[in-house]
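# Geometric and topological summary
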Amino acid sequence: MTIGRSEELDEIFRPSSVAVVGASNKAGKVGTYLFRNILEAGFKGVVYPVNPSSKSVSGVRCYPSIEELPETPDLGVIIVPAPSVGDVIDQLGKAGSRGVVIITAGFRELNEAGAALEQDVVQRAAKYKMSIIGPNCFGVINTDPEVSLNSTFSANLPPRGNIAFVSQSGALCAGILAYGVTERIGFSRFVSVGNRAGIDENDLLYSLGRDEATKVILLYLESLVDGRKFLETAREVTEHKPVLVIKGGRTPAGERAAKSHTGSLAQSGRDQLYDALFNQAGVQRAETLGELFRIAKIFSSGLNLEGPRLMLLTNSGGPGIVAADAAVRNGLELPPLARAVHDDLVPRLPRSATVANPLDMTADAGADHYRDILQRLLAAPDMNGALVITTPTPTMTAESVARAILAAKATTTKPIAACIFGVNDLSREVALLEDNGVPTFTFPEEAAQGLGALAKYHAWWTRPKTEVRVFDVDRAAAQAVVDRARRDGTVILSDLAARGLLSAYGIRFPKGGVVHTLDQAVAAADQIGYPVVLKVVSPDLSHKTDVGGVALGIRDPASLRAAWAAMQQSLTAKAHDARIEGFEVETEIQEGKEVLVGVQRDPHFGPILAFGLGGIYVEVLRDVTFRLAPIRPLSALHMVQSVKAFPLLRGVRGEPPSDVEGLTEVIERVSQLAVEMPDVVELDINPLIVLPGHAGAIAADARIVLGPPSRSAPLASAAR
Ligand code: COA
């Protein structure tokens, strides 16, 4: 991030004068196109071409150098070869310019020499406290009529609107601008960030969040410069403005192959980490560019779907069914019609109509039916919005139905989306509807997806706000466990140490103890009471079950003796190299559901929490979800609810429900541990047994790995 940038980034978006260094008259050159674009967009400030080899560019007086300009340009747009960029920065800096957009490529993206060149450019700009966009970028657009700046070399300039687009890919920018023109997508601001040597997506997100002309922010990302900063910034912005993202590419897998469950799951599912991040930030993720812009369109219309209850009105069966499926897939509900509404509508509809939701008026319906029925449906208090699908028939034209929809719209504040089928040229009707606040879509599924996104966003910003809970834990005891391990040079904590550390954070374990002989085992079992579990204690065995190191369901001394003998035999055969430190005898927990709660410390995202169905099948089923620590109570609950196996916790076939509250508390406590104990790089509680009712959850096995000793402070506060 450039030191001198302003929060609004006015030096980039609202310059009163711009110097275009490398502006050209020659056909086919970037500098030629770009300079013309600035002129053609009608820039409201003053623009100066700078090029020693021309007297004028596109009829505008050209200056041989920055020094010779009659005034200090606020912004410099640089289109000269990479080795000259540093000198241009110096000249602009000395003159007092505050921002630069560097179009030039050939920096970090090319090779090491390019990276060094980029570093040099950044240092020079920092000296003058100048903001940098780029290098290797496509430019910047601000359509505010008071500015009208187009510093890109695009052949297309889409209309003014309220969508801001930020892209890590320049080529994508060119494509999107062309698409924007044909699809009538209006932009407020458009930014190609290039190599992000200065301003990055977090700076832009923050400034676009404050830009009044921007109603929805779209990001094309391949990576994040700072995942945690993104989380913080996006969380703030999404409180008042939707943010949509399309994430391309994947971060290369970590160099070290993690050995824990959580670690291997987090490594193989890096994309899921982005999902977690976007989820916690209230950012909606699109799968395709088409989807991104279709959803943007519905947000851009300013509509607000206050709940998931959608009415589907159509004059044909198939499209209604397709839309209904898509609506449900996108989190919407199609509630049945209230009795009174049903009875009111029946006499007003063609006799062939199916009066339900979807309501199929059949091909007998005319435009007046659309107006009358839609109006009545939306007047019903339990409907949040409507999707109108129509295939023009001999009884009506596309235009008459468009006008009918608008007449109904005039009677309600609830959102209506439309999908008109089977007409070749709909441009007039689409313009009529969209200019009057009814977004239209080519296919019913797209409309349902857009409405689903609206409902999701409404649920996000009206969600109950919860704060991270800070539990009263014994940090000194936890630190003592780590210090002891450090002194012993231990990286993987022993079972006992792991248990000690987790107990200090309030995680419960079954009653039991460590023994070294069979007689001690029998005595211990007598003391704690049968049934018991016998487990090997070894720093070398991360998956004890695989080597026969766990025996369950031991009901009496005889079966304990048998289990002991079998375990010794199995360990000799399968784990003869492993250091055996003893055997744990503990109470067997006989009821409850096995889940996994884990932590993986990621160099890029910081501590990540994992939750999923536990036990030995976790890596096969991969029914696991991630969140970044620290976690808020509501987020912990969503985490638990989001795994496919969640119904098992609610209880199936008459089983009692498990203590989900107790489980989420364990997740929150583990989150606090992850934040406060930076030495812990991997942690698995697997299985954590969630008991029924309000009995809480008990850790049956835990594994903790420490990272290299570090002085890194814990995250600022667990209570953020
Ligand atoms: N001050 C002012 N003008 C300068 C200059 C300086 N220090 N150094 C060079 N110029 C002028 C040149 O005289 C030339 O003028 P002309 O067109 O009238 O001859 C103009 O700037 C451009 O310089 P030139 O050497 O001809 O370079 P170019 O136009 O072939 O290439 C770039 C310049 C920036 C376009 C090229 O280096 C580049 O980076 N291309 C890739 C751009 C890209 O893809 N960006 C990412 C998009 S997503």
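Residues numbered from 1 in each chain as written. Predicted model: local features only at pLDDT ≥ 70, side-chain atom pairs only at ≥ 80, totals over all residues. Heavy atoms only, no water.

## Looking at the overall build of the protein
Selection criterion: Strands are runs of DSSP state E lasting at least 2 residues, helices are runs of H or I lasting at least 4, and numbering of each runs from the N terminus. Exposure classes here rest on a 1.4 Å probe applied to the protein chains alone. A residue is buried below 20% of its type maximum, exposed above 50%, and partly exposed in between. The criterion used for residue contact is that any of the two residues' heavy atoms lie within 4.5 Å. Under the convention used here, Asp and Glu are negative, Lys and Arg are positive, and both His and the chain ends fall outside the count. Every charge is mapped to an atom, namely NZ of Lys, CZ of Arg, CG of Asp or CD of Glu.
Looking only at helices and strands, one finds 24 helices and 28 strands in the protein. In terms of principal-axis extent, the alpha carbons of the protein reach across some 100 × 80 × 40 Å. Residues classed as buried in the protein amount to 57% of the 720 residues present. Long-range pairs, those at least 24 residues apart, make up 73% of the contacts in the protein between residues at least 6 apart in sequence. Counting 72 positive and 81 negative side-chain charges, the protein places the averaged centre of each group 2 Å from the other.

## So, the site of the ligand
Our working rule: We call a residue near a molecule or strand as soon as one heavy atom of that residue lies within 4 Å of the molecule or strand. Polar contact criterion, stated in full: a pair of N or O atoms within 3.5 Å, where within protein one must be able to donate a hydrogen and the other to accept it, and residues adjacent in sequence count only if both atoms are side-chain atoms. Exposure was quantified through the Shrake-Rupley algorithm and a 1.4 Å probe, taking into account, for residues, occlusion by the shown protein chains and nothing else. Amino acids outside the nonpolar list (Ala, Val, Leu, Ile, Met, Phe, Trp, Tyr, Cys, Pro) and the charged list (Asp, Glu, Lys, Arg) are all regarded as polar, and Gly is one of them.
Of all residues adjacent to the ligand, which total 22 residues, the nearest are Ser24, Lys26, Lys29, Asn51 and Ala105. A distance of 2.7 Å separates an oxygen atom of the ligand from a polar side-chain atom of Ser24. In the model, an oxygen atom of the ligand is placed 2.7 Å from a nitrogen or oxygen of the Ala105 main chain. Within the complex, 70% of the 960 Å² of free accessible area of the ligand lies under protein. Classifying every residue of the shell around the ligand gives 13 nonpolar, seven polar and two charged.

## Topic: the environment of Leu221
By secondary structure assignment, the location of Leu221 is in strand S12 (residues 216-221). Distance from Leu221 to Gln168, taken between C-alpha atoms, is 5.7 Å for residues 53 residues apart in sequence. Among residues more than four places away in sequence, those in contact with Leu221 are Gln168, Glu201, Phe230, Val245, Ile246, Lys247, Gly248 and Phe278.

## Regarding the sheet that holds strand S19 (residues 512-515)
Heads up, the condition is: Strands are labelled as partners when DSSP assigns at least two bridges between them. For helices, the axis comes from a line fit to the C-alpha atoms of the stretch in contact; other axes are also lines fit to C-alpha atoms, and the angle between any two N-to-C directions lies between 0 and 180 degrees.
Spatially, the four strands line up as an open sheet ordered S19-S22-S20-S21, and their pairing is antiparallel. The sheet is open, and its two edges are formed by S19 and strand S21 (550-554), each paired on a single side. Averaged over all neighbouring strand pairs, the angle between strand axes comes to 20°, with direction disregarded. In terms of strand pairing, strand S20 (residues 532-537) meets S21 through three bridges, oriented antiparallel. Residue pairing for S21: Lys535 is matched across the bridge by Val550. Contacting S19, S20 and strand S22 (582-587), helix H19 (residues 518-528) runs over the sheet at an angle of about 20° to S22.

## Describing the side chain of Arg189
As for its placement among the helices and strands, Arg189 is situated in strand S11 (residues 187-192). On the accessibility criterion, Arg189 (4% relative accessible area) is buried. Among the polar contacts listed, one links the side chain of Arg189 to the side chain of Asp211, at a separation of 3.4 Å. Ignoring any residue separated from it by four or fewer positions in sequence, one finds Arg189 in contact with Glu8, Phe13, Arg14, Ile141, Asn142, Ile163, Ala164, Phe165, Leu208 and Asp211.

## Some thoughts on the packing of helix H10 (residues 289-300) against helix H16 (residues 444-461)
How we decide: The cut-offs work like this: below 35 degrees is roughly parallel, past 145 is roughly antiparallel, 65 to 115 is roughly perpendicular, and the gaps in between are oblique. Left-handed describes a crossing whose near helix is turned anticlockwise from the far helix by less than a right angle; the clockwise case is right-handed.
In contact at an axis separation of 9 Å, H10 and H16 are set at 60° when each is read in the N-to-C sense. On the basis of their axis angle, the class for H10 and H16 is oblique. Seen along the crossing, H10 lies across H16 with a hand that is right-handed. Here H10 contributes Glu291, Arg294, Ile295, Ile298 and Phe299 to the contact with H16, which in turn contributes Glu446, Gln449, Gly450, Leu451, Ala453, Leu454 and Tyr457. Here the contact of H10 with H16 is composed, by residue class, of seven nonpolar, two polar and three charged.

## Observations concerning helix H14 (residues 398-409)
Put simply, the test is: Expected span of a helix, by definition, is 1.5 Å for each gap between consecutive residues, and there is one gap fewer than residues.
Relative to the 16 Å expected for 12 residues at 1.5 Å per residue, H14 spans 16 Å between its end C-alpha atoms, a close match to the ideal helical length. On the buried face of H14, the contacting elements are helix H13 (367-379), strand S17 (385-390), strand S18 (416-420) and helix H15 (427-435).

## Thoughts on the pattern of salt bridges
Operational definition: Take a side-chain nitrogen of Lys or Arg and a carboxyl oxygen of Asp or Glu: if they are within 4 Å of each other, that pair is a salt bridge.
Going through the model one piece at a time under the given rule, you end up with 37 salt bridges. Ionic pairing is found between Asp87 and Arg124, a salt bridge with its closest N-O pair at 3.2 Å. Within this pair, whereas Asp87 is found in helix H3 (residues 82-95), its partner Arg124 is found in helix H4 (residues 112-127), the two being separated by 37 residues in sequence. What makes Arg124 partly exposed here is its relative accessible area of 21%. Each member of the salt-bridge network shares a partner with another, and the members are Asp87, Asp90, Asp120 and Arg124.

## Some words on the nonpolar core
The criterion, for reference: Throughout this description, the term nonpolar core refers to a set of buried Ala, Val, Leu, Ile, Met, Phe, Trp, Tyr and Cys residues connected via side-chain atoms within 4.5 Å.
Of all hydrophobic cores here, the largest spans 54 residues; its most connected members are Val20, Val101, Leu204, Leu219 and Phe230. With six residues, helix H9 (residues 270-281) is the largest single contributor of residues to this core. With 47 residues, the next largest nonpolar core counts Tyr505, Leu688, Val690 and Leu706 among its residues.

## A short note on the packing of H13 against H14
Two elements in contact, H13 and H14, have axes separated by 8 Å at closest approach and are oriented at 20°. By the angle between their directions, the pair H13 and H14 is classed as roughly parallel. Where H13 crosses over H14, the two elements pack in a sense that is right-handed. Contacts between H13 and H14 involve Ala367, Tyr370, Arg371, Leu374 and Gln375 on the former and, on the latter, Ser400, Val401, Ala404, Ile405, Ala407 and Ala408. In terms of residue class, the contact of H13 with H14 is made up of eight nonpolar, two polar and one charged.

## Topic: the side chain of Arg601
Of note, Arg601 is situated in strand S23 (residues 593-602). Salt bridges are absent for the buried Arg601, whose nearest opposite-charge side chain, Asp679, sits at 8.0 Å. Side-chain polar atoms of Arg601 contact the backbone oxygen of Met677, separated by 3.1 Å. Within the structure, the side chain of Arg601 is placed 2.8 Å from the backbone oxygen of Val680, a separation counted as a polar contact. Not counting residues up to four positions away in its chain, the partners in contact with Arg601 are Gly606, Pro607, Ala674, Met677, Pro678, Val680 and Val681.

Read these as layout, nothing more, since geometry by itself doesn't imply function.
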